[in-house]
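Breakdown of the fold
Residue strings, one per chain:
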Amino acid sequence: MHPNTPALKSFIPVDPSSDFPIQNLPFGIFSTRQSPELRVGVAIGEWVLDLAQLEKMGLLTPCSQPVFNKPALNDFIALGQSVWRSTRAQISLLLRDDHARLRDDAELRASALIPMHEAIMHLPIMVSGYTDFYSSKEHATNVGSMFRDPANALLPNWLHLPVGYNGRASSVVVSGTEIRRPMGQMKPPSAEQPLFAACAKLDFELETAFIVGANTALGESVSVNDAEEMMFGMVLLNDWSARDIQQWEYVPLGPFNAKTFATSISPWVVTMEALEPFRVPGPKQEPEPLPYLRQSGDHSFDIQLAVELQTAECEQPTTICNTNYRAMYWSMAQQLAHHTISGCNLRVGDLMASGTISGTQPDSFGSLLELSWNGQRPVTLSDGQTKRSFLEDGDVVILRGTCIGAHYRCGFGAVSGRIIPALIGS
Ligand code: MN
């Protein structure tokens, strides 16, 4: 049976509210206090299945060399789509309630199943390169309206190509990593001269990202129709942004220090195969793109997304944004085709982010810049009093993403990060 079959059940009880039923099986990198070596695991309900252990026992053999006793998923990802799929099918079988091998072997279960609360999650991939797109029409329109002209919010290129920039791979961190408020150069509207200070307009950006699963040669491009089979899976991504630094530095070459201080990703990589049942049409593209970007069929995904903000003042976190990936104007395949049309080569472990995901409603905007309209209308939090225009020290931002089907949900878990104070004067 295909691992996405809704009727499949695991011998491990999985609560219906869990993001990780047997139909998901996302991959991550974990360790435990008792066994500190980093290795590959798969999430199932409240448990982590240790693939390095299964590989050692000969129950999984994706390659003649071990690929699961590794500190990153890259070696496994490099094996390609058919191996990703056959491995996921084998894992599904081992976890099924009608399959005895793992279910009835108490010793094997004890060595290969780790309670999720004991697992320390690490960055799932060695990030080869990081690219951030800007593919939400609503987000681009909001930002263009705020900083330029509501009548001409989209720049002339926006409807013709997926705008993006090359970000910084070295500062991609896993969920839970503290985010230090950056220092930087800025020129507030009231200042005559630029100054060096701690960022006063620290923001999050709600994004997803896909992970490239193939190497290509320099000079070659990937056609839009071949692009999807080169994607291993998706994560949630918070593209932390220093708006005051960004506004001063970004002309003419785009963001630099405003984005390079940190980018957080969720620890579990949801495979494109697991997302397949949630495929939906994207928005109609008008004007029609150039031929190298043209696609037919459904190339978006129904992923419900939310942002929670937890502050020291409030006991409960406040959900400050609810939106959905499905309305993204440019598809991931178009982003990949555009990225390589120049001959830019891809590497396994390249991280390609969607751009901030905003909907049409004011409570569906994917950044505080938009939610507070650049500070003009601060967001009120759950205690009814605390307000935020931008992030303060101690604030925790949590992004969540889930696909909800008729029979099960298939989720990403969360990516969170707490803001810690700047290193003033350094
Ligand atoms: Mn971004």
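Up top is the structure.
Before going into details, it helps to say that this report is about the structure given with it. Since the model is a prediction, treat every value here as computed from it, not as a measurement.

Analysis parameters
Residues numbered from 1 in each chain as written. Predicted model: local features only at pLDDT ≥ 70, side-chain atom pairs only at ≥ 80, totals over all residues. Heavy atoms only, no water. Donors = N, O, S within 2.8 Å, 3.2 Å for Na, K, Ca; no water. Helix = DSSP H or I, 4+ residues; strand = E, 2+ residues; numbered from the N terminus. Buried < 20%, exposed > 50% of the residue type's maximum accessible area, 1.4 Å probe, protein only. Pairing = 2+ DSSP bridges. Axes fitted to C-alpha atoms, helices over the stretch in contact; angles between N-to-C directions. Polar contact = N/O pair within 3.5 Å; in protein donor to acceptor, adjacent residues only side chain to side chain. Contact = heavy atoms within 4.5 Å. Salt bridge = Lys/Arg side-chain N within 4 Å of Asp/Glu carboxyl O.

**Some thoughts on the coordination of the manganese ion**
Taken together, D132 (OD), E205 (OE), E207 (OE) and D239 (OD) make up the full set of protein donors to the manganese ion, lying 2.1 to 2.2 Å away. Ordering the donors of the manganese ion by residue number gives the pattern D-x72-E-x1-E-x31-D. Separated by 34 residues along the polypeptide, E205 in the loop between β12 (202-203) and β13 (206-212) and D239 in the loop between β14 (231-238) and β15 (241-242) bring together distant segments of the chain. Judged by relative accessible area, E205 falls into the buried class, the value being 4%. Overall, the relative accessible area of 0% leaves D239 in the buried class.

**A word on the sheet that holds strand β3 (residues 47-50)**
Pairing is antiparallel in the open sheet, where 5 strands are placed in the order β4-β3-β2-β1-β5. Strands at the two margins of the open sheet, each flanked by one partner only, are β4 (113-115) and β5 (120-122). Averaged over all pairs of adjacent strands, the angle between strand axes in this sheet comes to 50 degrees, irrespective of strand direction. In this sheet, β4 lies alongside β3 in antiparallel orientation, the contact comprising 3 bridges. From the neighbouring strand, L49 faces β4, where its bridge partner is L113.

**Examining the side chain of E308**
Residue position: E308 is located in strand β20 (residues 304-310). Here the side chain of E308 touches R400 through a polar contact of 2.9 Å, side chain to side chain. Residues within four places of E308 in sequence aside, it is in contact with P317, T318, T319, V396, V397, I398 and R400.

**Remarks on helix α6 (residues 137-147)**
Those residues of α6 lying buried are H139, A140, N142, V143, G144, S145 and M146. Packing partners of the buried residues in α6 comprise α11 (368-371).

**As for the pattern of salt bridges**
Summed over all chains, the structure comprises 22 salt bridges. Taking the shortest distance from any N to any O, the salt bridge between R103 and D104 comes out at 2.9 Å. Since its relative accessible area comes to 29%, R103 is described here as partly exposed. Residue class for D104 comes out exposed when judged on its relative accessible area of 52%.

**Section: the sheet that holds strand β21 (residues 318-324)**
What the 5 strands build is an open sheet, ordered β9-β26-β25-β20-β21; its pairing is mixed. Two strands close off the open sheet at either side, each with one partner strand: β9 (179-180) and β21. As judged from the 7 bridges shared by β20 and strand β25 (residues 396-404), these two strands associate in the antiparallel manner. The partner of E308 across the bridge, within β25, is I398.

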